Amino acid sequence: MSAAFLIEQGLNGLQFGVMLFLMAAGLTLIFGVMGVINLAHGALYMVGAFACALVAPEAGFWAGLGAGIVAAAGLGALIELSVIRPLYARDHLDQVLATFALILIVSEGARMVSGGRPLWLDMPAALAGSVTLPGGVPYPVYRLALIGAGLGVGLLLWLLIRQTRLGIRIRAGQADREMIDALGVDIARLYTVVFALGAGLAGLAGAMVGALQSVEVGMGEPVLILAFVIIVIGGIGSIRGAFVAALLVGLTDTAGRIFLPALLALAWPPAEATAIGSALASMSIYVLMAAVLAVRPRGLFPAHG
Amino acid sequence: MAEAAPVLEVSGLSKRFGALIATDAVDLDIRPGEIHALIGPNGAGKSTLVAQIAGQLAQDAGEIRLAGQEISGLSVAARARAGLGRTFQVTSVALELSALGNAMLAVQARASGLWGFWRRAAADRRLIEPAMAALARFDLDGRAQVPAAALSHGERRQLELAMAAALAPRVLLLDEPMAGLGAGGVGPLSDILEGLKAETPMLLIEHDMDAVFRLADRISVLAEGRIVFAGSAAEVQASALVREIYLGTA
Amino acid sequence: MAEAAAEIAAPARRRLPEWAVNAAIAAALLAWPLLADAAGEPWWAGLAAKAAILALAGVGLNLALGYGGMVSLGHAAFFGIGGYVAAISADAAFSGAGVLGLPGSDRMLPIWLAAMALSALVALGIGAISLRTEGVYFIMITLAFAQMIYYLAISWPAYGGEDGMPIYLRNGFPGMDTNAPLDFALVCLGALAAALLLSWRLTEARFGRALICARMNPLRLATLGMEPFPVKLAAFVISAAITGLAGALYADLNGYVSPAMLGWHTSGEIIVFVILGGTGRLFGPVAGAVLYVWLETLLGGVTVHWQMGLGLVLLGVVLFGRGGLIGLLCGARRHG
């Protein structure tokens, strides 16, 4: 296992983690401010990817990217206004069910639009090449761009929450729902904006990942579940926790896939080692989550109390 | 009644939340046959103190002894089994169950065979009879079949007391039992508590000063987490210090 | 509390007694395969078996979710474990190889026992960790544990990986020809009846009272001297065993198991059965599963996009029809 290989895989893990962060940030923001658990977040990711894949061939990748964000944010705002709003006072079970229903509806809608066939999205020409990593391994520029974009968006989000009026309101909402009343903030509008912001982040992640994999119905769900694991590990409601946990999960997942089969190959025949190793690797992040929760039942960075 | 061994003895109990000292080296005891009232302005730390005695909150320092036995390592349920009864400031009965169902729940906790998986509880005479007796004692036997959700506020308070008493605790912690009762409800409830104290001594936290002065054998005054004064009703009423920190602001 | 308040405030509307509605559902469910068989429509008898099995899975979940307030988004784990136990056992009996030193079996009764035992054992582990948390954390952790088992099934090659594994011959039941749709439907209905009886007695017993209190007010239960944790854990384990039994039957119904049985969509669907029918109502999951199967059949006959219809119905129930079908017919729930 050469150093170059490790760098390459490390970057893959980082890129995966950064994409997961975009998903998890939206989820945890929505939960932190509104106390809503949104299973349909993966569907918004899928909508972002579909919008990008439909628009990009006509108007270019960057227009597609914009379309992905706008479509997901717009649908998010619509969902907040129509479905989520009556559910704020309800228990989590109702929220789970309503957003589960939304998944069925949005997925079926996407299937109608796409005819059930996967779509493919070309990456922009400017980012299509590869660079040579130290050690001589070529690495796709696009993946590096994703890492950069993800970190950049993370930084923007941090600035937004720390430095802007919207951020102050969001933090007030996380700390104390009655306080935003006292601040004279229009809560209804704040909630719609936060929901749309979270949805837009999911749409952005979906649009960017669309160039790396096929765009199809159901693509959001594995990512959604990983994002859940991340916000549970990080502490629900904490953006900082989501960032740390996303990188942890991205790297654990990648490392598990590489090292576990190799490790087991020391004791078992290669074929079995590969099979068992990959089984254990798939489970590794859940084991990570169980381990974190066994020690800290409210995650690494508990947001409330 | 002066020198019987205390049933509940709290010594040096302390709890802080960050910079806020919620409970500051509190010493307190409850002796057989007495009602010991704990009063103090809002935010004095009364509820935090009760939560620590009941086991909801772990204290930072100090000891809690029930009948001479240290209980601070025990869970809420284990303390309840050891004989610590409690009612809540916000009424908390199981609203889906009837008054009788709630009382039976209290009885089944004490009766052996808590883990009945098969026999219908509603037909179990070993539960019904003591539960009805507990309700009767608090004038609720006529309302046994009414869902707790449909009971009046005062009736729920009575039900809560009936449940606590059905456990036959060694001592009862009552967190504002008179709250929200109105003038007509305080008198009857006071009579009930008066009748109960010989059997079950109580720590009474209450804002209704008339009730406190009528019922309490001893009164401790809590302010900013510390016991600042302890004495009889007459002594408390006469105390300039108490008037200043408490009655003066009331 | 809101529910109780609504009950007081609700105008005196005519409600059907719950026992009568339950009896009608039971009678209809029994008549369904009998009539289908008499009419020479074995496919409809098979559909009745499916409804009974899904209802059984829901009856299991209802114990945890409806009575115990544990919103498990991971019951697919137990459903799938039951299914894999049935398939692996039948396979081992077929090949004579055995599993982990145990002989395989192609008889339903030992398979059911094993399916329930293994589901219960796994639930004991999952529950012991998950019940340390509450609210949203509980939902997500049960989901994550189920995913863990899902990925294990996908990547473990011995039992078919992503493709799942077949059951070539439906497992047998004494005195029944399980390959006949009517007989199989009756076996499924028998299992459902047994689970309903168990569920009814449990919830009416001391244990059930304690469980209801643990859901509504765990601190109150503790104040009465009962630890909420073991009560909830026991309910979670029994709940998982019943759902595991449903999984074993489902594998026999379809003649194969696949990781999809373990997938989180399955968990969501089991919750849907409970909600459509009415949470915490004895026959809620039965009504819900029947409704689900009919929606699937009727809408599915009209359009391949029937899941959108299901989503809209579900959304309508959540937003406007709290209490589900039983709640609509009988009013808000009440316990002794």
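You'll find the structure just up there.
Residues numbered from 1 in each chain as written. Chains lettered and ligands numbered in written order. Predicted model: local features only at pLDDT ≥ 70, side-chain atom pairs only at ≥ 80, totals over all residues. Heavy atoms only, no water.

**Student:** Explanation requested: the overall build of chain B in the structure shown.
**Tutor:** When you go through chain B residue by residue, the secondary structure sums to nine helices and 10 strands. What you see for chain B is a C-alpha radius of gyration of 18 Å, in line with the 18 Å of a compact globule of 250 residues. Summarising its shape, the C-alpha atoms of chain B cover approximately 55 × 40 × 35 Å along the three principal directions. Here chain B holds 250 residues, and the buried ones make up 54% of them. Contacts in chain B between residues at least 24 apart in sequence constitute 67% of all its contacts with a sequence separation of at least 6. A total accessible area of about 10,100 Å² is found for chain B, and carbon and sulfur atoms account for 53% of it. Here chain B contributes 23 positively and 28 negatively charged side chains, and the mean placements of these two sets differ by 7 Å. (Helix = DSSP H or I, 4+ residues; strand = E, 2+ residues; numbered from the N terminus. Rg over C-alpha atoms; globule rule 2.2 N^0.38 Å. Buried < 20%, exposed > 50% of the residue type's maximum accessible area, 1.4 Å probe, protein only. Contact = heavy atoms within 4.5 Å. Areas by Shrake-Rupley, 256 points an atom, 1.4 Å probe, with all protein chains shown as cover. Lys, Arg positive; Asp, Glu negative; His and termini not counted. Charge placed at Lys NZ, Arg CZ, Asp CG, Glu CD.)

**Student:** Explain the overall build of chain C to me, please; I cannot follow it from the model alone.
**Tutor:** Counting secondary structure elements, chain C contains 14 helices and two strands. Its C-alpha atoms give chain C a radius of gyration of 20 Å, near enough to 20 Å, the size a compact globule of 336 residues would have. With the C-alpha coordinates of chain C rotated into their principal frame, the extents come out at 60 × 50 × 40 Å. Counting every position in chain C, which comprises 336 residues, the buried fraction comes to 60%. A separation of at least 24 residues holds for 80% of the contacts in chain C among residues at least 6 apart in sequence. Only carbon and sulfur atoms are counted for the fraction: they give 67% of the accessible area of chain C, which is about 12,600 Å².

**Student:** Can you help me understand the nonpolar core in this one?
**Tutor:** Note on soluble globular proteins: their nonpolar side chains tend to be buried together. If you look at the biggest cluster of nonpolar residues, it comprises 242 residues, and the most contacted ones within it are C:Trp112, C:Leu192 and C:Leu249. The residues contacting C:Leu192, other than those within four sequence positions of it, are C:Leu29, C:Ala52, C:Ala55, C:Leu56, C:Val59 and C:Val286. Formed by 22 residues, the second largest nonpolar core is a distinct cluster that contains B:Ile30, B:Val50, B:Ile205 and B:Leu222. (Core = buried A, V, L, I, M, F, W, Y, C linked by side-chain atoms within 4.5 Å.)

**Student:** Any chance you could explain the interface of chain C and chain B here in plain terms?
**Tutor:** The parts lose accessible area when they come together, and the size of an interface is often stated as this lost area. Residue-level contacts link 36 residues of chain C with 42 residues of chain B. For the pairing of chain C and chain B, the buried interface totals around 3,500 Å² over both sides, and the portion due to carbon and sulfur atoms is 64%. Looking only at chain C, the three residues that lose the most surface to chain B are C:Arg206, C:Arg209 and C:Arg220, adding up to 24% of its buried area. Joining chain C to chain B, the criterion identifies two salt bridges. Counting every contact that joins chain C to chain B gives five residue pairs in polar contact (both at pLDDT 80 or more). Of all the secondary structure elements, the ones that give two or more residues to the side of chain C that touches chain B are α1 (2-9), α7 (181-204), α8 (206-216), α9 (218-223) and α10 (228-254) of chain C. Tallied by class, residues from the side of chain C that touches chain B come to 21 nonpolar, five polar and 10 charged. (Buried area = accessible area lost by both parts, 1.4 Å probe. Salt bridge = Lys/Arg side-chain N within 4 Å of Asp/Glu carboxyl O. Polar contact = N/O pair within 3.5 Å; in protein donor to acceptor, adjacent residues only side chain to side chain. Nonpolar A, V, L, I, M, F, W, Y, C, P; charged D, E, K, R; others polar.)

**Student:** Explain the interface of chain C and chain A to me, please; I cannot follow it from the model alone.
**Tutor:** Contacts between the two partners involve 41 residues from chain C, matched on the other side by 48 residues from chain A. Note on chain C versus chain A: buried area summed over both sides is about 4,100 Å², and carbon and sulfur give 82% of it. Of all residues in chain C, the largest losses of buried area upon contact with chain A belong to C:Tyr137, C:Met140 and C:Trp264, amounting jointly to 17% of the total for that side. Taken together, the connections running from chain C to chain A amount to zero salt bridges.

**Student:** So what exactly am I meant to see when it comes to the pattern of salt bridges here?
**Tutor:** It is possible for side chains of opposite charge to pair when their charged atoms get near one another. For the structure on display, the rule yields 22 salt bridges over all chains. Across the pair C:Arg206 and B:Asp124 runs a salt bridge whose closest N-O atoms are separated by 3.4 Å. Taken together, the residues C:Arg206 in helix α8 and B:Asp124 in the loop between α3 (99-110) and α4 (125-137) connect one chain to another. A relative accessible area of 4% means that C:Arg206 is categorised as buried. You can call B:Asp124 buried: its relative accessible area is 2%. Several salt bridges share partner residues, and in doing so they unite B:Asp29, B:Arg31, B:Glu34 and B:Arg218 into one network.

**Student:** Quick question: what am I supposed to make of the packing of aromatic side chains here?
**Tutor:** For any pair of aromatic rings, geometry is given as the distance between the ring centres together with the angle between the planes. Residues and elements named next belong to chain C. Considering all chains together, one arrives at 17 aromatic pairs over all chains under this definition. Judged by centre distance (6.1 Å) and plane angle (75°), the rings of Phe-138 and Phe-236 are edge-to-face. Placement of the pair is Phe-138 in helix α6 (residues 136-155) and Phe-236 in helix α10, with a sequence separation of 98 residues. Overall, the relative accessible area of 4% leaves Phe-138 in the buried class. Three or more aromatic residues joined by ring pairs make a cluster, and in this case those are Trp-32, Trp-43, Trp-44 and Trp-294. A cation over an aromatic ring shows up here: Arg-170 above the ring of Phe-184, its NZ or CZ 3.9 Å from the ring centre. (Phe/Tyr/Trp six-rings, centres within 6.5 Å; stacked < 30°, edge-to-face > 60°. Lys NZ or Arg CZ within 6 Å of the ring centre and 35° of its normal.)

**Student:** Just to check I follow, could you spell out the sheet that holds strand β10 (residues 226-231) of chain B for this structure?
**Tutor:** Strand pairing in a sheet is mediated by backbone hydrogen bonds. Such pairs are either parallel or antiparallel. All names here are of chain B. An order of β6-β7-β8-β3-β9-β10 is seen for the six strands of this open sheet, with the pairing classed as mixed. Strands at the two margins of the open sheet, each flanked by one partner only, are β6 (84-87) and β10. Strand-to-strand twist in this sheet, taken as the mean axis angle between neighbours without regard to direction, amounts to 20°. For strand β3 (residues 35-39) and strand β9 (residues 218-223), the ladder comprises four bridges, and the chain directions are parallel. Pairing of Ile-39 across the sheet is with Val-221, part of β9. (Pairing = 2+ DSSP bridges. Axes fitted to C-alpha atoms, helices over the stretch in contact; angles between N-to-C directions.)

**Student:** Could you clarify how one ought to interpret helix α4 (residues 76-95) of chain C in this entry?
**Tutor:** Note that an α-helix has 3.6 residues per turn; residues three or four places apart therefore point the same way. Residue and element names in this part refer to chain C. Its 20 residues give α4 an end-to-end C-alpha distance of 28 Å, which sits within 8% of 28 Å, the value for a rise of 1.5 Å per residue. Within α4, 16 of the 20 residues are buried, leaving the element largely enclosed by the surrounding structure. One or two residues past the end of α4 sits Gly-96, with phi positive at roughly 70°. (Expected span 1.5 Å × (residues − 1).)

**Student:** Help me understand the pairing of β10(B), please; the structure alone is not making it clear to me.
**Tutor:** Each regular strand carries side chains that alternate between the two faces of the sheet. Note: β9(B) against β10(B), five bridges, orientation antiparallel. Bridge pairing in β10(B) links B:Ile219 to B:Gly231.

**Student:** Please explain the sheet that holds strand β2 (residues 20-30) of chain B as it appears in this structure.
**Tutor:** All names here are of chain B. In space, the four strands of this open sheet follow the order β2-β1-β4-β5, with antiparallel pairing throughout. Only two strands of the sheet have a single neighbouring strand rather than two, namely β2 and β5 (69-70). Together, β1 (8-17), β2 and β4 (61-66) form the strand contacts of helix α1 (residues 46-54), whose direction differs from that of β1 by roughly 120°.

**Student:** How should the packing of helix α4 (residues 92-114) of chain A against helix α13 (residues 306-320) of chain C be read in this particular structure?
**Tutor:** Two packed helices can be described by the angle between their axes and the distance between those axes. For the pair α4(A) and α13(C), the least separation of the axes is 8 Å and the interaxial angle reads 155°. As far as their axial angle goes, α13(C) and α4(A) are roughly antiparallel. Here α4(A) and α13(C) pass one another in a crossing that is left-handed. Mapping the contact onto sequence places A:Asp94, A:Leu97, A:Ala98, A:Phe100, A:Ala101, A:Leu102, A:Leu104, A:Ile105, A:Glu108, A:Gly109 and A:Met112 in α4(A) and C:Gln307, C:Met308, C:Leu310, C:Gly311, C:Leu312, C:Leu314, C:Leu315 and C:Val318 in α13(C). A per-class count over the contact of α4(A) with α13(C) returns 14 nonpolar, three polar and two charged. (Parallel < 35°, antiparallel > 145°, perpendicular 65-115°, else oblique. Left-handed = near helix turned anticlockwise from the far one by under 90°.)

**Student:** Got a minute to help me understand the environment of C:Trp200 in this structure?
**Tutor:** Here C:Trp200 lies in helix α7. In this structure the C-alpha to C-alpha distance between C:Trp200 and C:Gly161, which are 39 residues apart in sequence, comes to 38 Å. Sequence-distant contacts of C:Trp200, defined by excluding residues within four places in its chain, comprise B:Arg120 and C:Leu282.

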